[in-house]
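Coordinate analysis (summary)
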Amino acid sequence: MYKDSPEQSLPNIFGSFTSHLCARKFNRLTDKNAWYNVFFREITSRIDEELFAYLFVDTGRGCASIRQLIGMAVLKEGFGWSDRQMFEECEFNMAVMRALGFHNLYDKAPVLSTYYDFNGRLQEFEEVYGVDLLQICFESLSKEQVKYYEVCGKKIRMDSKLIQSNIAVCTRLQLVISVIQHCMVAYKKCLDIRLSEQSDIDLLERLLSHAADNITFHINKSEQILLFEQLGLLMKKLVHLYSDSESEQYQILKRCYLDQYSDQRPDDPNQPPDPKSAKDIRSSALQSASDQDAAFRKKGQGSNEQKVKGFQANITETCGSGLRLILNTQLVKANVSETDLFLKGITTSACVSQQTVERVWTDAGYDGYINRLELVNLGVLKWHMAKNKGMQLTYEFRLENGHIFVNDLKTNKEHIAEKLPNGNWRIPNERSQKMPYKYWDQRTMQSYIAMIQLRPERGQEQYELRAPVESTIHEMFHRLKAGKSKYRGLTRNKMAVRHRALWVNMSRIGRHLCLLDKNRAKLAENAKKAA
């Protein structure tokens, strides 16, 4: 039977913190705006444990408090601790203990094995059922905070961040070697090596006896190319000798083989495959045997170029006056475009804030035909973008009295666009005598019309409201070392982002409360002087 745990322990006259502290320490520990007291009020005490009852349908919930388990994970991400540091702080740091709802010196935090078991259940539940319980919990807490602190959700902004997975940088040859090692070590332990030719067995023994970088370090470029071709034939034979149902490692081996080689005769195991050229390898190809979810992304140009093997996080926050909170976090594979994250960020933010989104600030990475049309349908009034995607426009469009006016920026002449029976649009083309008309298809014109409706009026762009989202990205991910996560896998990195967002919102609420108290004190002082 599932049963909720108490929000906090009951103070004991002999074991309570407050019974053993001097006045100064007592005042600091009980300060309502101290981070640990804000943490308890905004996170620990507000977590709905009933939401996580699905994780314990078969076994029943253990003695550990789910509130404390989630709180421990948020504290870990907030301070950037290791698991051992987190456990020590939860055991011996009085402020951290208070944040988790402990009031007595003898109160015990959940042990690490329980902490790992809970995180494992969360990951397994999402992978099996596709339901992110931690995201639901985050949205529930954020909804309460928005309502209580009267946060304005009508204005939002968003930005994204590429995150490197915790995998080693490797060449294609090293990747193939590591995948073969990862797969065949398991079969070797079971004495299940089915290769028949001695040359293949010798090659496999060579691979299993050294690390991938040790093998490639001692051979030149031409030898590496030859070895890459030999490994293609070896992988093809292994794919034929084993099957999907035998192990998970086999699926990784087969996926890597299909990613790296093209096979003209797949039915003949003795016919060597051809290595694919680098440009033919998809961004969704396997990047490491240790992380099957990581994807490749190349973003930017020149000094701003980024190459990442991992994931992309998308953050949506409010940007009205007063307290600003994160309303939505998304984590996807790195090769997913920002345009695919845009609409979900807006609709989820509107659901959390329970307010209609009226204005959105983003960069041009989120611009797209579907997004323009859907934003109009959602009732968003203005989309503030400094630039649009694509080449610089040489025509300017405006709507007036039901007509579309097109201004040719090269000739500085304006025409009323004419709609043709096939749905296309045209205007007289004064740039060329060979083509008397300039045409736009229906899709392109719909996109331009939507952008006209969404573009803010001149002088009301307020582009400066988008820039602070960069500081939010820093606040969220500054704990990453060189942009590299401590975790592997999409689900585990999702959990880290959710925990980090909870911490950031809690920190902002704490700063907001301190500012309110300071303003109240200042007003009281001014009133006293005036009297």
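Residues numbered from 1 in each chain as written. Predicted model: local features only at pLDDT ≥ 70, side-chain atom pairs only at ≥ 80, totals over all residues. Heavy atoms only, no water.

**Digging into the packing of helix 13 (residues 339-353) against helix 14 (residues 369-377)**
For the record, the criterion: Geometry is summarised by axes, namely lines fitted to C-alpha atoms with helices restricted to the contacting stretch, and by angles between N-to-C directions that run from 0 to 180 degrees. The way it works is that DSSP assigns letters per residue, a run of H or I at least four long becomes a helix, a run of E at least two long becomes a strand, and they are numbered from the N terminus. Working definition: roughly parallel below 35 degrees, roughly antiparallel above 145 degrees, roughly perpendicular at 65 to 115 degrees, and oblique for all remaining angles. Crossings are assigned a handedness: left-handed for a near helix turned anticlockwise from the far helix by less than a right angle, right-handed for a clockwise turn. Here, residues are in contact when the closest pair of their heavy atoms is within 4.5 Å. Note on residue classes: Ala, Val, Leu, Ile, Met, Phe, Trp, Tyr, Cys and Pro are nonpolar, Asp, Glu, Lys and Arg are charged, and everything else, Gly too, is polar.
Between helix 13 and helix 14, the least distance of the axes is 9 Å, while the angle of their chain directions is 15°. On the basis of their axis angle, the class for helix 13 and helix 14 is roughly parallel. The two elements helix 13 and helix 14 cross, and the hand of that crossing is left-handed. The segment helix 13 lies against helix 14, with Thr339, Phe342, Leu343 and Ile346 engaging Ile370, Asn371, Glu374 and Leu375. Across the contact of helix 13 with helix 14, the residue classes tally to five nonpolar, two polar and one charged.

**A word on unusual backbone geometry**
Look at glutamine 462: it is not a glycine, yet its phi comes out positive at around 50°. The residue glutamine 462 is located in the loop between helix 15 (442-454) and helix 16 (469-477) in this model.

**Re helix 4 (residues 83-92)**
Short version of the rule: Throughout, exposure labels follow a simple rule: accessible area from a 1.4 Å probe, protein chains only, divided by the maximum for the residue type, with under 20% read as buried, over 50% as exposed, and the rest as partly exposed. Each direction from the helix axis to a C-beta atom contributes to the arc, which is the arc of those directions.
Within the sequence span of helix 4, burial applies to Asp83, Met86 and Cys90. The buried residues of helix 4 occupy an angular sector of 60° when projected down its axis, which confines them to one face. When the buried face of helix 4 is taken as reference, the exposed residues oriented beyond 90 degrees from it are Arg84 and Phe92. Next to the buried residues of helix 4 lie helix 3 (66-79), helix 5 (94-99) and helix 6 (112-129).

**Observations regarding the pattern of salt bridges**
Quick note on the threshold: By definition, a salt bridge exists where a carboxyl oxygen of Asp or Glu is found within 4 Å of a side-chain nitrogen of Lys or Arg.
The full count for this structure, using the stated rule, is 32 salt bridges. Among the ionic pairs, arginine 508 bridges to glutamate 317, the shortest N-O distance being 2.8 Å. Within this pair, whereas arginine 508 is found in helix 17 (residues 490-530), its partner glutamate 317 is found in strand 5 (residues 306-318), the two being separated by 191 residues in sequence. Judged by relative accessible area, arginine 508 falls into the buried class, the value being 11%.

**So, the nonpolar core**
Note the following rule: What makes a nonpolar core is a set of buried Ala, Val, Leu, Ile, Met, Phe, Trp, Tyr and Cys residues whose side-chain atoms join them at distances within 4.5 Å.
Counting residues in each nonpolar core, the largest one holds 65 residues, and the members touching the most others are Phe39, Phe52, Leu55, Ile70, Phe118, Met476 and Phe477. Per element, the largest residue contribution to this core is 10 residues, and it comes from helix 17. Those residues in contact with phenylalanine 477, other than ones at most four positions away along the chain, are Lys161, Ile163, Ala313, Ile315 and Val497. If you look at the next biggest cluster of nonpolar residues, it comprises 32 residues, including Leu173, Ile177, Leu203 and Ala212.

**A look at the confidence of the model for the protein**
Keep this limit in mind: How sure the predictor is of each residue is captured by pLDDT, a score from 0 to 100.
Here the protein averages 89 in pLDDT, and 95% of its residues register 70 or above. Within the protein, no element has a lower average pLDDT than strand 9 (residues 395-400), which sits at 83, and none a higher one than strand 6 (residues 326-333), at 97.

**Some points on empty space enclosed by the protein**
As a reminder, the rule being used: Space inside and on the surface of the protein is sampled on a 1 Å grid over the protein atoms alone, with a cavity defined as a set of points where a 1.4 Å probe fits but cannot get out and a pocket as an open set with protein on both sides within 12 Å along at least 5 of 7 lines; lining residues have an atom within 4 Å of a point. Grid points are joined across faces, edges and corners, and a volume is the space filled by probe spheres set on the points.
Inspection of every chain in the model, using the stated rule, returns one cavity of 30 Å³ or more. Its boundaries defined by the atoms lining it, the largest cavity holds a volume of some 30 Å³. Lining the largest cavity are Leu122, Phe125, Glu126, Val131, Asp132, Leu133, Leu134 and Met495. When residues of the lining of the largest cavity are traced back to their parent elements, those giving at least two are helix 6 and helix 7 (133-148). The biggest single contributor to the lining of the largest cavity is helix 6, with three residues. Here the residues of the lining of the largest cavity are counted per class, giving six nonpolar, no polar and two charged.

**With respect to the packing of helix 2 (residues 35-42) against helix 17**
When two helices pack together, their arrangement is captured by the angle between the axes and the distance separating the axes. Remark: helix 2 packs on helix 17, axes separated minimally by 9 Å, with the N-to-C direction vectors making an angle of 120°. Judged by the inter-axis angle, helix 2 sits oblique to helix 17. For the pair helix 2 and helix 17, the crossing hand works out as right-handed. Counted together, Trp35, Val38, Phe39, Arg41 and Glu42 of helix 2 and Trp503, Met506, Ile509, Gly510 and Leu513 of helix 17 form the full contact between these two elements.

**Describing the environment of proline 428**
Within the element layout of this structure, proline 428 appears in strand 13 (residues 425-428). Among residues more than four places away in sequence, those in contact with proline 428 are His415, Pro436 and Tyr437.

**Re the layout of surface pockets**
A volume near 1000 Å³ is recorded for the largest pocket. Lining the largest pocket are 35 residues; nearest its centre among them are Asn388, Leu393, Glu396, Met451 and Arg455. Those elements that provide at least two residues to the lining of the largest pocket are helix 14, strand 8 (382-385), strand 9 and helix 15. Considering only residue class, the lining of the largest pocket consists of 15 nonpolar, eight polar and 12 charged.

**A closer look at the sheet that holds strand 10 (residues 403-408)**
Each strand in a sheet pairs with its neighbour through backbone hydrogen bonds, running either in the same direction (parallel) or in the opposite one (antiparallel). Heads up, the condition is: For two strands to be treated as a pair, DSSP must find no fewer than two bridges joining them.
Spatially, 9-10-11 is the arrangement adopted by the three strands of the open sheet, whose pairing is antiparallel. Two strands bound the open sheet, and with one partner strand each, they are strand 9 and strand 11 (413-416). Averaged over all adjacent pairs, the angle separating strand axes in this sheet is 25°, with direction ignored. One ladder, built from four bridges, connects strand 10 with strand 11; its direction is antiparallel. Paired with aspartate 408 across the two strands is lysine 413, which belongs to strand 11. Packing against the sheet, helix 15 makes contact with strand 9 and strand 10, and its axis sits at approximately 65° to strand 9.

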